[in-house]
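Understanding the architecture of this molecule
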Amino acid sequence: MANRVFNFSAGPAGLPEPVLQQAQAELLSYGDCGASIMEISHRSEPFKQILDSARNGIRTLLGFNDDFEVLLIQGGSRLQFSMIPMNLASRDQTADYIVTGAWSAKALEEAHRECNVHISWNGTDNGFDRLPGNEALIRSEDPAFAYYCSNETIHGIQFPEAPDYGAAPLVCDASSDFLSRPVDLQRHGLIYACAQKNIGPAGLTVVIIRRDLLERSSDELPGYLNFKSHSAANSMYNTPPTFVIYIMDLVCKWIINEYGGLDSLAKTNREKAELLYSVIDRHAGFYSCHAQTASRSNMNVVFRLPSDELTAAFIEQAADHSLASLAGHRSVGGIRASIYNAMPRAGVEALARFMDDFASTNG
Ligand code: PMP
């Protein structure tokens with residue numbers, strides 16, 4: 001479509017075009033409903049099928065068994081910052097936090113209100129430009145859970161694989177790399193992700209939880225904040241965001257149709273990121289990555305130019321080439337190119353060409 005740009009927004013982010021086209025085609029009447037999916041009951045048969053299909057899509061893509069349950073909860077990832085310690089730890093227990101960037105730091109802040117916390121690693125002094133190896137983690141004795149963020153969206157650093165935390169249930173904020181690569185779920189007790197980066201529009205958070213952990217939720221918790229309520233109600237404790245779930249189902253189907261599974265999608269995501277990092281490295285005196293090389297994210301490529309003037313010119317001229325939403329987060333500055341699943345390779349290639357030209361002209 002002529003007026004669609006290559007959208008590098010960090011979230012809400014671009015959706016696969018075939019998904020938007022199908023949603024558009026079905027917008028006025030879903031199947032033979034004679035009404036939009038937005039206009040029918042969440043208890044109706046068509047919606048129940050979508051809900052089952054969406055959850056099965058996630059289950060199939062990540063390949064997990066019945067030990068785990070998929071809950072769909074509103075309130076964004078930020079609500080999980082509170083819900084997770086509320087449900088998984090009692091007030092006198094300790095939870096371990098690996099603090100690698102803005103998002104795990106905010107999660108820690110909320111956890112402080114709910115239980116004791118122990119910081120097993122803190123990247124603040126390094127400006128959140130790297131991730132710890134397993135040997136650097138200082139674990140507390142018998143933590144209720146250990147928390148990490150697999151991809152720090154603002155700082156552009158991504159764990160190559162889950163940290164090793166022994167027997168403690170590992171909790172992962174996968175908000176900005178969910179369904180972008182395979183995950184070893186068996187090493188985790190809980191993985192969660194808000195929808196608005198890789199799996200749909202804003203309004204929903206996917207929580208994959210090991211069933212035995214549901215037993216920890218106290219009946220004293222407010223109903224909506226208790227994982228058990230969502231599990232018992234089959235994720236329809238209150239009216240769910242039906243349209244978001246519908247799009248999420250289409251996105252899972254798109255991944256399966258387009259890539260067959262997460263191995264192949266992960267390979268594409270790696271190649272897309274390498275295209276941009278290779279331009280940055282080629283013009284090393286002009287562009288500089290925020291992340292140290294071993295911690296670079298395949299989802300959010302964060303880099304700087306030599307001056308604020310050049311950064312502003314870069315963003316302005318990129319927009320003229322239909323390369324949109326490239327400004328870095330206000331706390332880090334510079335440029336952030338978010339290249340989630342839906343970003344086509346052609347968009348990354350166009351950005352790489354632009355970066356090459358811009359460096360040659362201005363460097
Ligand atoms: N965690 C990460 C890694 C994120 O990138 C974000 C949003 N950018 C959040 C948590 C917060 O998500 P929400 O706005 O859905 O609460």
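Worth saying up front: this structure is predicted, and the values here are computed from it rather than measured. (Residues numbered from 1 in each chain as written. Predicted model: local features only at pLDDT ≥ 70, side-chain atom pairs only at ≥ 80, totals over all residues. Heavy atoms only, no water.)

With respect to topology, 7 strands assemble into an open sheet ordered E2-E10-E9-E8-E5-E3-E4, the strand pairing being mixed. Only two strands of the sheet have a single partner each, and these edge strands are strand E2 (68-73) and strand E4 (116-122). Between one strand axis and the next, the sheet turns through 20 degrees on average, direction left out of account. Bridge count for strand E8 (residues 170-173) against strand E9 (residues 190-194) is 3 bridges, and the pairing is parallel. Residue pairing for E9: Asp173 is matched across the bridge by Tyr192. (Pairing = 2+ DSSP bridges. Helix = DSSP H or I, 4+ residues; strand = E, 2+ residues; numbered from the N terminus. Axes fitted to C-alpha atoms, helices over the stretch in contact; angles between N-to-C directions.)

Time to look at helix H8 (residues 308-320). Helix length check: H8, at 13 residues, gives a terminal C-alpha distance of 19 Å against a target of 18 Å (1.5 Å per residue), a fit within 8%. All buried positions along H8 are accounted for by Leu310, Thr311, Phe314 and Ala318. Buried residues of H8, viewed axially, fall in a sector of 105 degrees; they line one side. Facing away from the buried side of H8, by more than 90 degrees, are the exposed residues Asp308, Glu309, Glu316 and Asp320. The inward-facing, buried residues of H8 abut strand E12 (300-304), strand E13 (323-324), strand E14 (335-338) and helix H9 (345-362). Looking at the residues trailing H8, positive phi occurs at Ser322, about 65 degrees. (Expected span 1.5 Å × (residues − 1). Buried < 20%, exposed > 50% of the residue type's maximum accessible area, 1.4 Å probe, protein only. Arc of directions from axis to C-beta. Contact = heavy atoms within 4.5 Å.)

The next point concerns the side chain of His155. With respect to the helices and strands, the residue His155 is situated in the loop between strand E6 (151-152) and strand E7 (157-158). Leave out the neighbours within four places in its chain, and His155 touches Gly101, Ala102, Gly127, Phe128, His290, Val302 and Val332.

With that settled, consider the site of the ligand. Surveying the vicinity of the ligand reveals 13 residues, the closest of which are Ser77, Arg78, Thr153, Asp173 and Lys197. In the model, a nitrogen atom of the ligand is placed 2.8 Å from a nitrogen or oxygen of the Lys197 side chain. With the chains in place, 85% of the 400 Å² that the ligand exposes on its own is no longer accessible. Ranked by residues supplied to the shell around the ligand, first place goes to helix H3 (residues 76-88) with 4 residues. Looking at the shell around the ligand residue by residue, the class counts come to 4 nonpolar, 6 polar and 3 charged. (Near = heavy atom within 4 Å. Polar contact = N/O pair within 3.5 Å; in protein donor to acceptor, adjacent residues only side chain to side chain. Areas by Shrake-Rupley, 256 points an atom, 1.4 Å probe, with all protein chains shown as cover. Nonpolar A, V, L, I, M, F, W, Y, C, P; charged D, E, K, R; others polar.)

Our next topic: the domain arrangement of the chain. Domain boundaries in the chain define domain 1 (20-258) and domain 2 (261-362). Each of domain 1 and domain 2 has a C-alpha centre, and these two points are 27 Å apart. Of the residues lining the interface, 26 residues belong to domain 1; the matching set on domain 2 comes to 25 residues. Counting each side, the surface lost to burial between domain 1 and domain 2 is near 2,000 Å², with a carbon and sulfur contribution of 55%. At the boundary of domain 1 with domain 2, the tally comes to 0 salt bridges. If you look at where domain 1 meets domain 2, you find 13 residue pairs in polar contact (both at pLDDT 80 or more). (Domains from an automatic or database assignment. Buried area = accessible area lost by both parts, 1.4 Å probe. Salt bridge = Lys/Arg side-chain N within 4 Å of Asp/Glu carboxyl O.)

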